[in-house]
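Architecture and fold: a report
So you can see what is in the structure, the chains are spelled out below.
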Amino acid sequence: MANGVLTDKRSSLIDPDIEKKIDDLMAKMTIEEKVGQMNQYTSTWDVTGPMPDEGDTKDRYQKVAEGKVGSMLNILGAQATYEAQKIAVENSRLGIPLIFGYDVIHGYKTMFPIPIADASSWDMEVVKKGCAIAAKEASAAGVHWTFAPMMDIARDARWGRIMEGAGEDPFLGARVAEARVQGFQGYSLCDLDTIAATAKHFSGYGFVIAGLDYNTTELNQNTLFNTVLPPFKAAVEAGVATVMNAFNDYNGIPVTGNEFLQRDILKKDWNFDGFIVSDWNTIGEMPIHQYAKDLKDAAFKAAKAGTDMDMESRGYEYHLGDLVRSGKIEESVVNDAVRRILRVKFLLGLFDDPYKYCSEEREKANINTEEHKVISRDAAKRSIVLLKNETSLLPLSKNIPSLAVIGSLADDKDTPLGSWRGQALENSAVSLLEGIRSAVGSSSDVRFEKGYNLASGKREFTQELKFEGIDDTSGFDAATEAASKSNVVVVALGEECFQSGEGRSQTSINLKGKQLELLKKLHSVNPNIVVVLMNGRPVAEPWLYENIPSILETWHLGSEAGNAIADVLFGDYNPSGKLPVSIPRNLGQVPIYYNHNQTGRPFGYPNDADMVFWSHYTDSDKTPQYYFGHGLSYTSFKYSDLCIESPTMNMSDTINVSVRVKNTGALAGEEVIQFYINDKYSSTIRPVKELKGFQKVHFEVGEEKLITFTIDWQTLAFYGSDQEFKAEPGEFDIMIGGNSQDLLKTELELLDS
Ligand code: GLC
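These figures come from a predicted structure and were not determined experimentally.

A word on the packing of aromatic side chains
- In total, this model carries 25 aromatic pairs according to the counting rule given.
- Between Trp713 and Phe725, the ring centres sit 5.8 Å apart and the planes meet at 55°, which makes this aromatic pair tilted. With Trp713 in helix H21 (residues 713–716) and Phe725 in strand S24 (residues 725–726), the pair connects residues that are 12 residues apart, well separated along the chain.
- The class of Phe725 is partly exposed, set by a relative accessible area of 31%.
- Arranged with centres 4.9 Å apart and planes meeting at 45°, the rings of Tyr719 and Phe725 form a pair that is tilted.

Details of helix H11 (residues 295–304)
- Asp297, Ala298, Ala299, Phe300, Ala302 and Ala303 are the residues of H11 that are buried.
- On its buried face, H11 sits against helix H10 (259–269), helix H12 (315–325) and helix H13 (331–347).
- One or two positions beyond H11, positive phi appears at Gly306, with a value near 100°.

With respect to H12
- Along H12, the residues that are buried comprise Gly315, Tyr316, Glu317, Leu320, Gly321, Leu323 and Val324. Around the axis of H12, the buried residues are gathered within 160° of arc, so they sit on the same side.
- The elements touched by buried residues of H12 are helix H2 (31–37), strand S1 (39–42), helix H3 (57–65), H11, strand S10 (310–311) and H13.
- At the C-terminal side of H12, Gly327 shows a positive phi close to 80°.

Examining the confidence of the model for the protein chain
- With 97% of its residues at a pLDDT of at least 70, the protein chain reaches an overall mean of 96.
- Of all the helices and strands in the protein chain, H3 carries the lowest mean pLDDT, 88, while strand S9 (residues 275–277) carries the highest, 99.

A look at the nonpolar core
- Counting residues in hydrophobic clusters, the biggest one holds 169 residues, and the most contacted among them are Leu403, Val531, Leu544 and Leu569.
- Considering each element in turn, this core owes the most residues, 8 residues, to H13.
- If we ignore the near neighbours within four places in the chain, the residues touching Val531 are Val491, Leu493, Leu519, Leu544, Ile548, Ser550, Ile551 and Leu552.
- Ile655, Ile677, Leu716 and Ile734 belong to the second-largest nonpolar core, a separate cluster that totals 25 residues.

Section: the site of the ligand
- Neighbouring residues of the ligand: 14 residues in total, closest Thr48, Asp103, Lys200, His201 and Asp279.
- Between the ligand and the protein, one listed contact pairs an oxygen atom with a side-chain N or O atom of Arg161 at 2.8 Å.
- At a separation of 2.6 Å, an oxygen atom of the ligand approaches a polar side-chain atom of Asp279.
- Here the ligand, which alone exposes 310 Å², has 100% of that area covered by the protein.
- Across the shell around the ligand, the residue classes break down as 7 nonpolar, 2 polar and 5 charged.

Remarks on the pattern of salt bridges
- Counted according to the given criterion, the structure contains 51 salt bridges.
- A salt bridge links Arg421 to Asp414, with the nearest nitrogen and oxygen atoms 2.9 Å apart. When sorted by exposure, Arg421 lands in the same class as Asp414, which is buried.
- Between Lys692 and Glu690 there is a salt bridge whose closest N-O contact spans 3.7 Å.
- When its relative accessible area of 15% is taken as the criterion, Lys692 is described as buried.
- Several salt bridges share partner residues, and in doing so they unite Asp103, Arg161, Glu164, Lys200 and Glu502 into one network.

Description of the sheet that holds strand S19 (residues 655–663)
- Judged by pairing direction, the sheet is antiparallel, and its 3 strands sit side by side in the order S17-S19-S22 without closing on themselves. Of all strands in the sheet, those bounded by a partner on one side alone are strand S17 (637–644) and strand S22 (704–711). Looking at each pair of strands side by side, their axes are set apart by 20° on average, direction ignored.

What to know about the domain arrangement of the protein chain
- Splitting the protein chain by domain gives domain 1 (371–587) and domain 2 (637–750).
- Each of domain 1 and domain 2 has a C-alpha centre, and the two are 35 Å apart.
- Between domain 1 and domain 2, the contact holds 5 residues from the first and 9 residues from the second.
- Here domain 1 meets domain 2 over a buried area of about 550 Å², counting both sides, of which 39% is carbon and sulfur.
- On the domain 1 side of the contact with domain 2, Asn574, Ser576 and Lys578 bury the most area, a combined 77% of that side's loss.
- At the junction of domain 1 and domain 2, the tally comes to 2 salt bridges.

Some thoughts on a nonpolar patch on the surface
- A cluster of nonpolar side chains, contributed by Met611, Val612 and Phe613, occupies part of the molecular surface with about 270 Å² of accessible area.
- Note on placement: Met611 falls in the loop between helix H20 (561–569) and S17.
- The class of Met611 is partly exposed, set by a relative accessible area of 32%.

Some thoughts on the packing of helix H6 (residues 124–140) against helix H15 (residues 370–382)
- Where H6 contacts H15, the axes come no closer than 10 Å and their chain directions differ by 150°. Judged by the angle between their axes, H6 and H15 are roughly antiparallel. Both H6 and H15 take part in a crossing whose hand is left-handed. Contact residues: H6 offers Val126, Lys129, Ile133, Lys136 and Glu137, while H15 offers His372, Ile375, Asp378, Ala379 and Arg382.
- Of the residues in the contact of H6 with H15, the class split is 4 nonpolar, 1 polar and 5 charged.

Here we look at the sheet that holds S1
- If you walk across this open sheet you meet the 5 strands as S4-S3-S2-S1-S10, and the pairing is parallel. Each of the sheet's edge strands pairs with one partner strand only, and the pair in question is strand S4 (145–146) and S10.
- Sheet analysis places S1 next to strand S2 (residues 71–73), joined by 3 bridges and oriented parallel. By the bridge assignment for S2, Thr42 is matched with Leu73.

Focus: the environment of Gly469
- Turning to its location among the elements, Gly469 is positioned in the loop between strand S13 (445–449) and helix H17 (476–484).
- Remark: the alpha-carbon pair of Gly469 and Ser332, spanning 137 residues in sequence, is separated by 59 Å.

Thresholds, definitions, all that
Residues numbered from 1 in each chain as written. Predicted model: local features only at pLDDT ≥ 70, side-chain atom pairs only at ≥ 80, totals over all residues. Heavy atoms only, no water. Phe/Tyr/Trp six-rings, centres within 6.5 Å; stacked < 30°, edge-to-face > 60°. Helix = DSSP H or I, 4+ residues; strand = E, 2+ residues; numbered from the N terminus. Buried < 20%, exposed > 50% of the residue type's maximum accessible area, 1.4 Å probe, protein only. Contact = heavy atoms within 4.5 Å. Arc of directions from axis to C-beta. pLDDT = per-residue confidence, 0-100. Core = buried A, V, L, I, M, F, W, Y, C linked by side-chain atoms within 4.5 Å. Near = heavy atom within 4 Å. Polar contact = N/O pair within 3.5 Å; in protein donor to acceptor, adjacent residues only side chain to side chain. Areas by Shrake-Rupley, 256 points an atom, 1.4 Å probe, with all protein chains shown as cover. Nonpolar A, V, L, I, M, F, W, Y, C, P; charged D, E, K, R; others polar. Salt bridge = Lys/Arg side-chain N within 4 Å of Asp/Glu carboxyl O. Pairing = 2+ DSSP bridges. Axes fitted to C-alpha atoms, helices over the stretch in contact; angles between N-to-C directions. Domains from an automatic or database assignment. Buried area = accessible area lost by both parts, 1.4 Å probe. Patch = residues over 30% accessible without salt bridge, like charges linked within 9 Å, V, L, I, M, F, W, Y side chains within 5 Å. Parallel < 35°, antiparallel > 145°, perpendicular 65-115°, else oblique. Left-handed = near helix turned anticlockwise from the far one by under 90°.

Have a look at this one:
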């Protein structure tokens, strides 16, 4: 694996035999039956959007029997999916099977780290494996298709859905996208343990203004092509079967009605052969955007723009047939959409055996197994980022005489499951306290104190959290007492699982309630503190980061969270994660990201340091608290001898750049070696740094390795104002290091030949 790119590509979605079968089937279909394939209903096994007030399940199954429904989402279980499928196959005229979709985001029942945590591993095999397990469990529960991976680049920690993607960088985002698609889809969609994947949300959703979910976006073409689209293009090249559009607009047009995005780029330029499903009711929301006159107009605009399947708006069901009969929409538009949908159903093998995923035996045998928990724990420990370990307080000894574990999050068996938790059993995660107790056994006196409160009452995916007791400090004394009497204090701080995720934007990215106040009290009686952050979005807390000697960023790590964190706390695993997103010092800096443009007045612009006319804040450092790519280890790595094969290269050349990396510490460990470029001048401005490769490599103590990356024209290329992807002759900085800041640098000139 060079440059972090997984090499095993997938076949395309076009199979001539299947295309012939589609021809034959479509020749028999009425326009109503064709429109039926483009209509998706939700069931009520899970609620992931504003529920329609349409009849109950019985009415919906009647529509299935009439051939008016092509897909259902949120219906789960071998038995339930069998019953629904039976109606479609045995009652409808042509017996076309339904395709069942569900949000299998980071696990079905065995929860893996939330996606931003998973991305922190920078280990594409680990990412892929987690998705493969999720697919195995979901397919055993009758699910054919997951609405994942989400690949929205996000730079704004106010946006709750930053937890759902791979962070701020398009190269890492693209590598994670292809790994997740390959994990879900495997080598063949027809395999029983694989499911169709979805590249979502196409596109630009992560750029909602002010991090306010469902908001409008201000996105220029340069950022669209060079930052937003690369993960989607990688997913299409990895053979993703479907794409989901988004709630936002791009360039003044809701993306569900945006021909430029859906037809010109995705279907024409990229030759995407799967189908586009709308996000929940995005067709029905076009009149609300004030882009469509009514639902019929919205259906017309969405079909014309290439939205193939309508999730929960009824726009296609009620109006598409009339639009075709009136000639407003060519039947060929409908035929193309239906062909794409039938293609995926054939590839899944649903026509050969519509009930292949409906085995109750498989469901019992394949879900939430011990083997899956072991794999989840392995992924979780590799996702942990050691932000700081100033006095080498970590790793802790398992024989430490006394250990205080403080914070309601430490005893929380539910929050680690994260948002978008599929069918995870409530309170089924291994808590941090359980993980610590299991690791030390009776060899250490572990005392727990809750210390602070966070959410009160039942947590619901769809409901606002309540924080009635959040200002209660009655737990402070007991916590402080425990801390004063312990060798080391482990404090769990962060966010509730449903403080992030869909519909969970916040104007604050600090620790909620009295967490920081308690931390300062604990620190006043015992400075030997390890903070374990458990959060869905980056948290801005300068005092914490500057005064606490050891800090782990653990995000929400899934079912085995407590065991994985204990593995790192006690050194059974040497932490190897790196940040996929910058951590701000304060909200005022947001959006903040490493791959920003230079601007005309960067740091150091005026030679007179007191002059103000340069890009800075008068009241804050403009650098992040922690940079993209940052992550420490219990050992140390030395980078030396950066060497480029030639100081110049032609367009057709491929040259190598290498660096020596040595483990100079006392423990074996893994390092993510990162390769960046900077284009010194170009026809459109390029970021000060662009990640173009990474390799996660294991080093024994004292081991030194030569790490090599390849550079060809594509490494140096970008989308210019003409939307063409090309490299321009000129000078480049070539940089390699263990994060996006501490880099060895050399130079390269790309010649015009
Ligand atoms: C939600 C989400 C989308 C999800 C879909 C189905 O609103 O935006 O990511 O896949 O609806 O649950």
